[in-house]
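# Structural description and commentary
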Amino acid sequence: MSIRIGNAPCSWGVEFPNDPRNPSWQLVLKDCAAAGYKGIELGPVGFMPEDPAVLGEALAEHDLELIGGVVFRAYHDPAQWEDVLDGTHRTCKALVAHGAKHLVLIDSISERRAPTAGRAAEAEQMDKAEWTAFRDRLAESARIGTEEYGLTVGIHAHAAGFMDFEPELERLLNEVDEKILKICFDTGHHSYAGFDPVAFMKRYMDRISYMHFKDIDPKVKAEVIANRTGFYDACGQGIFCNLGDGDVDFPAVRQLLLDSGFEGWCTVEQDCDPLLDPDPVGDAKVNREYLESIGFT
């Protein structure tokens, strides 16, 4: 298998399954196929049908393959552990039902971290006991996905959560067995956090199992860092831009993937704020065309 390019419901503004602003799951599948993609992520579990027959028929209708799914829940909050487990098992079951391989773990946005997104020096840190429990919850989701469901599990650093900045990601990688936990590497979130995505990839390419392609507007990033703007306001100012319009060096990313023999899916995530009146289909087409222009097929 060569490198294949997919997309995800977050490119249509879908972050939570029951958000009234969400488009229908049927429209997301239709639009994704119309934009020229052959694969799509599950989105937050509960957005797409959990009946395998219903979703399977719709995926086949649009000639789409299910790539993977994300558990985007509050790993940082011990009181939310049952909710995290619910998301883990339901997402795993959905992926297995459709032959998808990638389970992605993301610590969701924290009120303690959102104000300092992109500013590692100012961000609140967990103490040793809180970190250990946080790490163990992530490791347990990884173990469940790997050992109980046979999936490949990747940790995904995400702005405004407690798994955001490069030192936190490296600490987790050092403390959790790579047999159960790989990396889902998001180029845009790594840039937003203030680190070099290409440099990180060079060091950890052998542990990266899955890629999220996202770009960051350097002008907006500079302004929100200088103004100490929080995560939500930064999103509202358009920090996530179309691929190729930001500061991520995608030709270098592509070369690293090729040099390492990476095979499988890379998923475009054009995170969009519904309040900005986005054009999800147009963006999806532009992003696919950009990737094709630099050699992705």
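Scroll up to find the structure this text is about.
In what follows, the accompanying structure is described. (Residues numbered from 1 in each chain as written. Predicted model: local features only at pLDDT ≥ 70, side-chain atom pairs only at ≥ 80, totals over all residues. Heavy atoms only, no water.)

Quick look at the packing of aromatic side chains now. This structure, assessed with the given rule, holds ten aromatic pairs. Considering the side-chain rings of F16 and F72, the 6.1 Å spacing of their centres and the 45 degrees angle between planes classify their relative orientation as tilted. Here the residue F16 occupies a position in the loop between β1 (3–7) and α1 (25–34), and F72 occupies one in strand β4 (residues 68–73), the gap between them amounting to 56 residues. We classify F72 as buried; its relative accessible area is 17%. Of note, K214 hangs over the ring of F240, and the distance from its end group to the ring centre comes to 6.0 Å. Geometry around F296 places R254 over its ring, the cationic atom sitting 6.0 Å from the centre. (Phe/Tyr/Trp six-rings, centres within 6.5 Å; stacked < 30°, edge-to-face > 60°. Helix = DSSP H or I, 4+ residues; strand = E, 2+ residues; numbered from the N terminus. Buried < 20%, exposed > 50% of the residue type's maximum accessible area, 1.4 Å probe, protein only. Lys NZ or Arg CZ within 6 Å of the ring centre and 35° of its normal.)

Right, let's get into the nonpolar core. Counting 74 residues, the largest nonpolar core has L105, M211, F213 and L257 as its most contacted members. What L105 contacts, discounting residues up to four positions off in sequence, is V71, Y75, L138, S141, A142, V153, G154, I155, H156 and L181. Counting residues in each nonpolar core, the second largest holds 13 residues, with V220, V224, A234 and F240 among its members. (Core = buried A, V, L, I, M, F, W, Y, C linked by side-chain atoms within 4.5 Å. Contact = heavy atoms within 4.5 Å.)

Time to look at the pairing of strand β7 (residues 182–186). Of all five residues in β7, four are buried; the element is thus mostly enclosed. In terms of handedness, the path from strand β6 (residues 152–155) via helix α5 (residues 166–175) over to β7 forms a crossover that is right-handed. Here four bridges tie β7 to strand β8 (residues 208–213), and the two strands are oriented parallel to one another. Along β8, the bridge assignment pairs D186 with H212. (Right-handed = clockwise from strand over helix to strand, strands pointing away. Pairing = 2+ DSSP bridges.)

Moving on: helix α11 (residues 280–293). Helical periodicity: at 3.6 residues per turn, an α-helix aligns residues three or four positions apart in one direction. Between the first and last C-alpha of α11 there are 20 Å, a value that for 14 residues agrees with the 20 Å anticipated at 1.5 Å per step. Of all the positions in α11, only P280, G282, D283, A284, N287, R288, Y290 and L291 are classed as buried. Those residues of α11 hidden inside the fold are in contact with β1, β8, α10 (250–260) and β11 (264–268). The positive-phi residue at the C-terminal boundary of α11 is G295, with phi of around 110 degrees. (Expected span 1.5 Å × (residues − 1).)

For the structure on display, the rule yields 26 salt bridges. E122 serves as the salt-bridge partner of R228, at 2.8 Å between the closest nitrogen and oxygen. Of this pair, R228 sits in the loop between α8 (218–226) and α9 (231–236) while E122 sits in the loop between β5 (102–107) and α4 (128–148); the two residues are 106 residues apart in sequence, bridging distant segments of the chain. On the accessibility criterion, R228 (51% relative accessible area) is exposed. Between D136 and R135 there is a salt bridge, and its shortest N-O distance comes to 2.9 Å. By sharing partners, the salt bridges in this structure join E50, R73, D83, D86 and R90 into a single network. (Salt bridge = Lys/Arg side-chain N within 4 Å of Asp/Glu carboxyl O.)

Phi at A160 takes a positive value of approximately 80 degrees, unusual for a residue other than glycine. Looking at where A160 falls in the secondary structure, it is placed in the loop between β6 and α5. Of note in the backbone geometry, R228 takes a positive phi value of approximately 55 degrees without being a glycine.

Of all the residues in helix α2 (residues 52–61), the buried ones are L55, A58 and L59. Seen along its axis, α2 keeps its buried residues to an arc of 100 degrees; they face one direction. In α2, those exposed residues whose orientation departs by more than 90 degrees from the buried face are A53, E57, A60 and E61. Contact partners of the buried residues in α2: α1, β2 (39–40) and β3 (65–66). With a side-chain oxygen positioned 2.9 Å from the backbone nitrogen of A53, the residue opening α2 is D51. Two residues or fewer after α2 comes D63, characterised by a positive phi angle close to 55 degrees. (Arc of directions from axis to C-beta. Polar contact = N/O pair within 3.5 Å; in protein donor to acceptor, adjacent residues only side chain to side chain.)

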